[in-house]
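# Chains, contacts and geometry: an overview
Chain residues, written in single-letter form:
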Amino acid sequence: QIKESATLTRDVLEQHFSDLKGTLKKLLDERLMSLLQEVDVIEQESIKPLDECQKLIEHGVSTADDLLREGESAVDGDLGTQNEKLCNFTKKALHIQLDSLPEVPSLVDVPCLSAQLDDCLLTILKNQIFRHGTVASRPPVQLEEFVEKPGGILVRWCKVDDDFTAQDYRLQYRKSSASPFEDVYVGSETEFMVLHMDPHVDYQFRVCARGDGRQEWSPWSVPQSGRTTLVPHEWTTGLEGYSLSSRRNIALRNDSQSCGVLYSKAPTYFCGQTLTFRQVLLGIETVGQPDRRDSLGVCVEQQNGSDSLQRDRAVCISTNGAVFVNGKEMTNQLPAVTSGSTVTFDMEVVQLGPCSNEGGNFKLRVTISSNNREVVFDWVLDQCCGSLYFGCSFSYPGWKVLVF
């Protein structure tokens, strides 16, 4: 691990500084080109009026020179043509203005280009470059635990650097070493449930953190593999009153008049696990209108003729917070189930007397939690139950439940 991480770190450093050199050269070339273009523009704009002034002066000198030669020719000519030439010379001289010159700017008004280059840029760059980049022997956060969940993994991580104050964490995963890592969670919590995972498949995870008040992320933790052997929870298909998501883990009570209990596809809930129902937010909509028979819970078997889980061989919580055990309402009550609520079921076996499929008392210690409150009770059954179904029943449309 040391040699592999050292080699990888060298490669990252070399590639980063190679990219920096290329980028800096490109930026310097662009700046040089911009300054040279600025010189060209000033030169062209400043030289144009001077060139025009020079042309006017040269034209005037040329005209005066021509007139001078014409005057000399008139004086030196014979007497017969002298008067006529002098007369023409005089007329021409009167029409040509030889005493005016274009305005010539003074020397101080003529641009004199120079380059102003501040040497402190090198000092600033030098200080920034010498502080750029660090080499860490250990990331400040590491993956701590993987907990198998049906169709997912609960990933936990922790800080290992006491001097590091974390503001946010960033969890990534990938399905195989050939695939790129992708973000699955960014936030302040130190655990996250990763769903929609294939059973018996290894996934790689890594986590990093962002220090308090900083923008950059810390180095990644050592990648670790995690897997789940538990098949995902799914609602059963085909019940007219409910529409399911593509993964069949979300059920929506539609506007069909048909009613009944929607059960899980199979008895996939085992004691020792946590079964979670989450009332999915529907944007600006509210959840459906409640009914006293509406409930979420677990049961020993499917009873397709019943319209509620408030029956024998089942435990459930109604949407108004009432808890039912084998169809009887308990005195303890939980908060009502509303939009965004999360309800969890935890069970452990507490056996009484002999246990067999033919009979005997079988007791489960049940904990139902909702909105930071919980009730604990014993559920006595007449037979051993290695696995249980889960279900829900809603009378009115608008309820939407995710199970995991």
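Residues numbered from 1 in each chain as written. Predicted model: local features only at pLDDT ≥ 70, side-chain atom pairs only at ≥ 80, totals over all residues. Heavy atoms only, no water.

## Overview of the pattern of salt bridges
What counts, and what does not: The salt bridge criterion pairs a side-chain nitrogen of Lys or Arg with a carboxyl oxygen of Asp or Glu, the two atoms within 4 Å. Numbering of helices and strands runs from the N terminus, with a helix taken as a DSSP run of H or I at least four residues long and a strand as a DSSP run of E at least two residues long. Exposure is judged per residue with a 1.4 Å probe applied to protein chains only, and the accessible area is read against the type maximum: over 50% gives exposed, under 20% gives buried, and values in between give partly exposed.
In this structure the tally under the stated criterion is 18 salt bridges. Where Lys363 meets Asp378, a salt bridge forms, and the shortest distance between an N and an O atom there is 3.6 Å. Pair noted here: Lys363 is in strand S17 (residues 362-370) and Asp378 is in strand S18 (residues 373-381), with a separation of 15 residues, a long-range link. On the basis of relative accessibility, which here comes to 31%, the residue Asp378 falls in the partly exposed class.

## Remarks on the confidence of the model for the chain
Inclusion rule: Every residue gets a pLDDT, meaning the predictor's confidence in that residue, from 0 to 100. Should any heavy atoms of two residues lie within 4.5 Å, those residues are considered in contact.
Considering every residue of the chain, the mean pLDDT works out to 85; 92% of them sit at 70 or more. Counted against residues more than four places away or in other chains, residues 281-286, with its pLDDT under 50, gives six contacts.

## Some details on the layout of surface pockets
Our working definition: A cavity, in this analysis, means grid points on a 1 Å lattice covering only the protein atoms where a 1.4 Å probe fits yet has no way out; a pocket is instead an open set bounded by protein on both sides within 12 Å along at least five of seven lines, and a residue lines either one if it has an atom within 4 Å of a point. Grid points are joined across faces, edges and corners, and a volume is the space filled by probe spheres set on the points. Following the grouping adopted for this structure description, the nonpolar residues are Ala, Val, Leu, Ile, Met, Phe, Trp, Tyr, Cys and Pro, the charged ones are Asp, Glu, Lys and Arg, and the polar ones are all others, Gly among them. The split into domains, and so the bounds of each, comes from an automatic or database assignment of domains.
Looking at the largest pocket, its volume works out to about 1600 Å³. Along its surface, the largest pocket is lined by 39 residues, and Thr9, Ala136, Pro139, Pro219 and Trp220 are the ones closest to its centre. Going through the elements one at a time, helix H1 (2-76) and strand S6 (203-211) are the ones with two or more residues in the lining of the largest pocket. For the lining of the largest pocket, the element with the highest residue contribution is H1, accounting for nine residues. Across the lining of the largest pocket, the residue classes break down as 17 nonpolar, 13 polar and nine charged. Among the domains, domain 1 (1-131) and domain 2 (141-228) are the pair contributing at least three residues each to the lining of the largest pocket. Space inside the second largest pocket adds up to approximately 740 Å³.

## Things to note about the UniProt feature "domain: Fibronectin type-III" (unreviewed entry) in the chain
The criterion, for reference: UniProt positions are given in the numbering used here, feature names are shortened, and annotations may be inferred rather than shown by experiment.
Taking the numbering used here, the UniProt-annotated feature "domain: Fibronectin type-III" (unreviewed entry) corresponds to residues 139-232. Annotation note: span residues 139-232, helix share 0%, strand share 51%, distance between end C-alpha atoms 33 Å.

## Points about the pairing of strand S15 (residues 328-333)
Stated precisely, the cut-off is as follows: We treat two strands as partners when DSSP finds at least two bridges between them.
Sheet topology places strand S14 (residues 322-325) next to S15; three bridges connect them, and they run antiparallel. Opposite Phe324, over in S15, you have Glu329 as the bridge partner. What sits between S14 and S15 in their antiparallel hairpin is a turn of two residues, with Asn326 showing a positive phi close to 50 degrees.

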